[in-house]
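# Overview (structure and organization)
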Amino acid sequence: MSTDNKARIADYLSRFFPVQDLKDEDDIFELGFVSSMFAMQLVSFVEHEFGITIENEDLELEHFRSISALDAFVSRKLSAPVPH
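For the structure given in this document, a descriptive report is provided here.

Calculation criteria
Residues numbered from 1 in each chain as written. Predicted model: local features only at pLDDT ≥ 70, side-chain atom pairs only at ≥ 80, totals over all residues. Heavy atoms only, no water. Core = buried A, V, L, I, M, F, W, Y, C linked by side-chain atoms within 4.5 Å. Buried < 20%, exposed > 50% of the residue type's maximum accessible area, 1.4 Å probe, protein only. Helix = DSSP H or I, 4+ residues; strand = E, 2+ residues; numbered from the N terminus. Contact = heavy atoms within 4.5 Å. Phe/Tyr/Trp six-rings, centres within 6.5 Å; stacked < 30°, edge-to-face > 60°. Axes fitted to C-alpha atoms, helices over the stretch in contact; angles between N-to-C directions. Parallel < 35°, antiparallel > 145°, perpendicular 65-115°, else oblique. Left-handed = near helix turned anticlockwise from the far one by under 90°. Nonpolar A, V, L, I, M, F, W, Y, C, P; charged D, E, K, R; others polar. Expected span 1.5 Å × (residues − 1). Arc of directions from axis to C-beta.

## Digging into the nonpolar core
Formed by 23 residues in total, the largest nonpolar core has its most connected members in Leu-13, Leu-42 and Val-46. The set of elements that each furnish at least two residues to this core consists of helix H1 (3–14), helix H2 (36–50) and helix H4 (67–79). At seven residues, H2 tops the list of elements feeding residues into this core. Non-local contacts of Leu-42, meaning those with residues more than four positions away in its chain, are made with Tyr-12, Leu-13, Ile-28, Phe-64 and Leu-70.

Written as structure tokens, this is what we have:
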């Protein structure tokens, strides 16, 4: 896990809701911070911020549920081999 990635994710989320009391594992969907529109914004942020492509099969709630889940997802995508 990357502290830098977590900080970048938390910084983005802080533009929309208070994250100072949010733990890395807190479920932002369950807490009511995320609407379907914001979920799409979050996907776009992850793609642009980290330079990755999110495929349809990546669109699982578990990948976006918390700061830790997002960090783990981004780390996996960044370390995945690039298809030729």
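## Digging into the packing of aromatic side chains
In this structure the tally under the stated criterion is eight aromatic pairs. Pairing Phe-17 with Phe-38 gives two aromatic rings, centres 6.2 Å apart and planes at 70 degrees, and the pair type is edge-to-face. Within this pair, whereas Phe-17 is found in the loop between H1 and H2, its partner Phe-38 is found in helix H2, the two being separated by 21 residues in sequence. By the burial criterion, Phe-17 is buried, and Phe-38 matches it. Pairwise contacts between aromatic rings join Tyr-12, Phe-16, Phe-17, Phe-33, Phe-38, Phe-45 and Phe-50 into one cluster.

## With respect to the environment of Asn-56
Tracing the chain through its elements places Asn-56 in the loop between H2 and helix H3 (61–64). Linking Asn-56 and Leu-78, residues 22 residues apart in sequence, is a C-alpha distance of 17 Å.

## A short note on the packing of H1 against H2
For any two helices packed against each other, one specifies the inter-axial angle together with the distance between the axes. The geometry of H1 relative to H2 is characterised by a closest axis approach of 11 Å and an angle of 140 degrees between their N-to-C directions. With respect to their mutual orientation, H1 and H2 come out oblique. Handedness of the H1/H2 crossing: right-handed. In this structure, H1 uses Asn-5, Arg-8, Ile-9, Tyr-12 and Leu-13 to contact H2, whose residues at the interface are Phe-38, Gln-41, Leu-42, Phe-45, Glu-49 and Phe-50. Residue composition of the contact of H1 with H2, by class: seven nonpolar, two polar and two charged.

## Let's talk about H1
Here H1 contains 12 residues, and its C-alpha end-to-end distance of 16 Å stays within 8% of the 16 Å for a straight helix at 1.5 Å per residue. Every buried residue of H1 is accounted for by Asn-5, Lys-6, Ile-9, Ala-10, Tyr-12 and Leu-13. Looking straight down H1, one finds that the buried residues subtend no more than 160 degrees of arc, so they occupy a single side. Where H1 is buried, its residues touch H2 and H4.

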